[in-house]
Amino acid sequence: KGVDVDATAVRAVSAETTRVAGQMEPQAVSNILWALAKLAESGVDVDAKAVRAVSAETTRVAGELRPQEVSMIMWALAKLAESGMDVDATAVRTVSAETTRVAGEMEPQHVSNVLFALAKLAEKGVDVDVTAVRAVSAETTRVAGEMEPQHVSNVLFALAKLAEKGVDVDVTAVRAVS
């Protein structure tokens, strides 16, 4: 906000991103998807090939993802979908499946971001993993006391949107943040 982005630089780096995507570590995959989503959210035209190339790497790095990386990727995929980009359904499924592995290690922001992302993806017509929703929702009781107002807002928004889309939501999670 308030900073002009050099479109030529974005295109050049996007081309390199596509070239090196297969060499990326989990943190690079999450950081680049997050950065591309932030650019798209800011109105910058991002290269769909770069998004596809990095998204495709989620299956390779999935088992190594930490809670923050899961959170960042899910948030990025949701923001990209919200910006009108087609998101890789395999990436959504793969990273969603990892949420069950890392949910118990998630911090309040991770819980908030993942639930928010799942709700936004569902809102955009992307199939969401109900097991992931349940796993992350179950963690709200553990982290609720540490949540900032924005986290609480995101969780309640997410649970309401998911319920609206026909997903059974954890009533205990709603009570934990209400």
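The present account deals with the structure reproduced in this document. (Residues numbered from 1 in each chain as written. Predicted model: local features only at pLDDT ≥ 70, side-chain atom pairs only at ≥ 80, totals over all residues. Heavy atoms only, no water.)

Let's talk about the overall build of the protein chain
The helix and strand inventory of the protein chain stands at eleven helices and zero strands. The helix and strand sequence of the protein chain, counted from the amino end, reads α-α-α-α-α-α-α-α-α-α-α. On C-alpha atoms alone, the protein chain measures out to a radius of gyration of 16 Å, which is about the 16 Å that the 2.2 N^0.38 rule sets for 178 residues. Taken along its principal axes, the extent of the C-alpha atoms in the protein chain is 50 × 35 × 30 Å. Going through the 178 residues of the protein chain one by one, you find that 48% of them count as buried. Within the protein chain, contacts between residues separated by at least 24 positions form 78% of all contacts whose residues are at least 6 apart in sequence. Within the structure as shown, the protein chain displays about 8800 Å² of accessible surface, and the carbon and sulfur contribution to it stands at 48%. (Helix = DSSP H or I, 4+ residues; strand = E, 2+ residues; numbered from the N terminus. Rg over C-alpha atoms; globule rule 2.2 N^0.38 Å. Buried < 20%, exposed > 50% of the residue type's maximum accessible area, 1.4 Å probe, protein only. Contact = heavy atoms within 4.5 Å. Areas by Shrake-Rupley, 256 points an atom, 1.4 Å probe, with all protein chains shown as cover.)

Things to note about helix α6 (residues 89-102)
Over its 14 residues, α6 extends 20 Å from the first C-alpha to the last, a length consistent with the 20 Å expected when each residue adds 1.5 Å. Buried residues along α6 sit against α3 (48-56), α4 (58-61), α5 (67-82), α7 (108-123) and α8 (130-138). With a side-chain oxygen positioned 2.9 Å from the backbone nitrogen of T90, the residue opening α6 is D88. (Expected span 1.5 Å × (residues − 1). Polar contact = N/O pair within 3.5 Å; in protein donor to acceptor, adjacent residues only side chain to side chain.)

Considerations on the nonpolar core
Counting residues in each nonpolar core, the largest one holds 54 residues, and the members touching the most others are V70, L80, V87 and L121. Taken together, the elements giving at least two residues each to this core come down to α2 (26-41), α3, α5, α6, α7, α8, α10 (149-164) and α11 (171-177). Other than its neighbours up to four places away in sequence, V87 contacts L77, L80, A81, V92, L121 and V126. (Core = buried A, V, L, I, M, F, W, Y, C linked by side-chain atoms within 4.5 Å.)

Topic: the packing of α7 against α10
Closest axis-to-axis distance for the α7/α10 pair is 8 Å, and the angle between their directions is 30°. What the angle tells us is that α7 and α10 run roughly parallel. The way α7 lies across α10 gives a crossing that is left-handed. The segment α7 lies against α10, with P108, Q109, S112, L115, F116, L118, A119, K120, A122 and E123 engaging Q150, H151, N154, V155, F157, A158, K161 and L162. Across the contact of α7 with α10, the residue classes tally to ten nonpolar, five polar and three charged. (Axes fitted to C-alpha atoms, helices over the stretch in contact; angles between N-to-C directions. Parallel < 35°, antiparallel > 145°, perpendicular 65-115°, else oblique. Left-handed = near helix turned anticlockwise from the far one by under 90°. Nonpolar A, V, L, I, M, F, W, Y, C, P; charged D, E, K, R; others polar.)

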